[in-house]
Amino acid sequence: MDLLALSDFNLVARHGGFGKAARLTGRPKATLSRRVSELEAALDLRLFERGARALKLTEEGRALYERTAILLAAIDETAASLAASGAEPRGRLRLSAPLLFAQTAMGRIAAGFQARHPQVQLEVTTEDRPVDMVEEGYDLVIRVNPDPDESLVGRILMHDRLVVVAAADIAFPGDGSPVRSVVRRLEDRRDWRLRRKAKPVIIATEPVLALSSLVMVRDAVRAGTGVARLPISLVTKDLEAGRLVLWGEVEGSDIALWALYPTRRLLSARVSAFLDYLKQAFPKGTPDELAAFIDG
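Before going into details, it helps to say that this report is about the structure given with it. Just so you know, these numbers come straight off a predicted model, no measurement behind them.

The subject of this paragraph is the packing of helix α7 (residues 214-222) against helix α8 (residues 232-241). Two numbers describe how α7 lies on α8: the axes approach to 11 Å, and their chain directions differ by 25°. Between α7 and α8, the interaxial angle falls into the category roughly parallel. Seen along the crossing, α7 lies across α8 with a hand that is right-handed. Contacts from Leu214, Val215, Arg218 and Arg222 of α7 reach α8 at Leu234, Val235 and Asp238. Classifying every residue of the contact of α7 with α8 by side-chain character gives 4 nonpolar, no polar and 3 charged.

Shown next, in the form of structure tokens:
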């Protein structure tokens, strides 16, 4: 099979058309069309349905794209790793991180990494949604409790857990009455299960405020609006300073923060260097290490 033709087929499939692939890559449109036609002839398969206004992968074309995109990326990464062997990491590194981690820690991590590896152009975007690393061109993603994905591998950076906290002047409800709560999304009144002084406890809550950022949720709880479930790393300094009090730990709330990358035999020097830097930043992987990055 002609690898150049296969590579051009992947470009067209990834970008959804010959014209867009040509504009984004600088390759002549006629060359891309010819290469794909040659590949179809060699395989005796139609890979695209060519309409008047749209280009769509056939079932066989989609299967070929899904099975070869990672393989071609692995070839590129292998070549880049061999070329950069023993050299200072360089080039562009695209990273996706969840909102809370980006807000609390990524700025200092990115600055420290850039100072250590000035020839790497680091680009960090904030995404809480699962991104398609191959399709969207990411080299590395950081995710919370990700679903299993056979196309990705990685390592756990750290563990965290959820706790229920409140301002010091809000009393714990001893009579079972509902307490005002601050949440990510407005929900029906519901119960929270937690462990308080090593004993299981259920408290009823009444959501009164919904905020999309956990940093905003924490600030609203500081202001006395209500109670909230928050990562212990985010409120450690508030608990130590007495700005907030701990009501208990949410049952079954273990959190694992993962660094993930596509399944490949060799990693690029850029990704390896960033993973090493994260390991140095969080050597034990404890909530206290992340809390150290968070401003009081």
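Here alanine 291 lies in helix α10 (residues 287-291). You can call alanine 291 buried: its relative accessible area is 4%. C-alpha of alanine 291 to C-alpha of valine 36: the two residues are 255 residues apart in sequence and 52 Å apart in space. If we skip the residues at most four places from it in the chain, alanine 291 touches Ser233, Thr236 and Lys237.

The next point concerns the packing of aromatic side chains. By the definition in use, this model includes 7 aromatic pairs. Each ring, one from phenylalanine 9 and one from phenylalanine 48, has its centre 5.5 Å from the other, and the planes form 55°; the classification is tilted. Of this pair, phenylalanine 9 sits in helix α1 (residues 3-15) while phenylalanine 48 sits in strand β1 (residues 48-50), and the two are 39 residues apart along the sequence. Classification of phenylalanine 9 as buried rests on a relative accessible area of 0%. Taking relative accessible area as the criterion, phenylalanine 48 reaches 2% and is therefore assigned buried. Pairing phenylalanine 172 with tryptophan 247 gives two aromatic rings, centres 5.1 Å apart and planes at 75°, and the pair type is edge-to-face. Remark: tryptophan 247 occurs in strand β11 (residues 244-262) and phenylalanine 172 occurs in the loop between β6 (152-167) and β7 (179-183); sequence separation between them is 75 residues. By relative accessible area, tryptophan 247 is classed as buried at 3%. Members of the aromatic cluster, each reached through a chain of ring pairs, are Phe9, Phe18 and Phe48. A cation over a ring is seen here: arginine 94 above tyrosine 138, with NZ or CZ 4.3 Å from the ring centre.

Angle between the axes and distance between the axes are the two parameters that describe a pair of packed helices. It is the contact of helix α2 (residues 18-25) with helix α3 (residues 29-43), at a shortest axis distance of 9 Å, that shows an interaxial angle of 125°. The orientation of α2 relative to α3 falls into the category oblique. In terms of crossing hand, the pair formed by α2 and α3 is right-handed. On α3, the residues touching Phe18, Gly19, Ala21 and Ala22 of α2 are Lys29, Leu32, Ser33 and Val36. Along the lines of polarity and charge, the residues of the contact of α2 with α3 split into 5 nonpolar, 2 polar and 1 charged.

Calculation notes
- Every chain begins its residue count from 1, and numbering advances along the sequence as written.
- Under the rules for a predicted model, residues below a pLDDT of 70 receive no local features and side-chain atom pairs below 80 are neither given nor counted, while totals for whole chains, interfaces and linings still include all residues.
- To get the side-chain values, all heavy atoms of the structure are used, and hydrogens and water are removed first.
- Orientation is described by axes fitted as lines to C-alpha atoms, over the contacting stretch for helices, and by angles from 0 to 180 degrees between their N-to-C directions.
- The numbering of helices and of strands both runs from the N terminus, where a helix is a DSSP run of H or I of at least 4 residues and a strand a run of E of at least 2.
- We call two directions roughly parallel when the angle between them is under 35 degrees, roughly antiparallel when it is over 145, roughly perpendicular when it lies between 65 and 115, and oblique otherwise.
- Crossing handedness is read from the near helix: turned anticlockwise from the far helix by less than a right angle, it gives a left-handed crossing, and turned clockwise, a right-handed one.
- Contacts are assigned to residue pairs that have any heavy atoms within 4.5 Å of one another.
- When residue character is reported, Ala, Val, Leu, Ile, Met, Phe, Trp, Tyr, Cys and Pro are called nonpolar, Asp, Glu, Lys and Arg charged, and the others, Gly included, polar.
- We call a residue buried when its accessible area falls under 20% of the maximum for its residue type, exposed when it is over 50%, and partly exposed in between, using a 1.4 Å probe and counting protein chains only.
- In this scheme Phe, Tyr and Trp rings, the latter by its six-membered ring, pair at centre separations within 6.5 Å, and the angle between planes marks the pair as stacked below 30 degrees, edge-to-face above 60, and tilted otherwise.
- Any Lys NZ or Arg CZ found within 6 Å of a ring centre and within 35 degrees of that ring's normal is scored as a charge over the ring.

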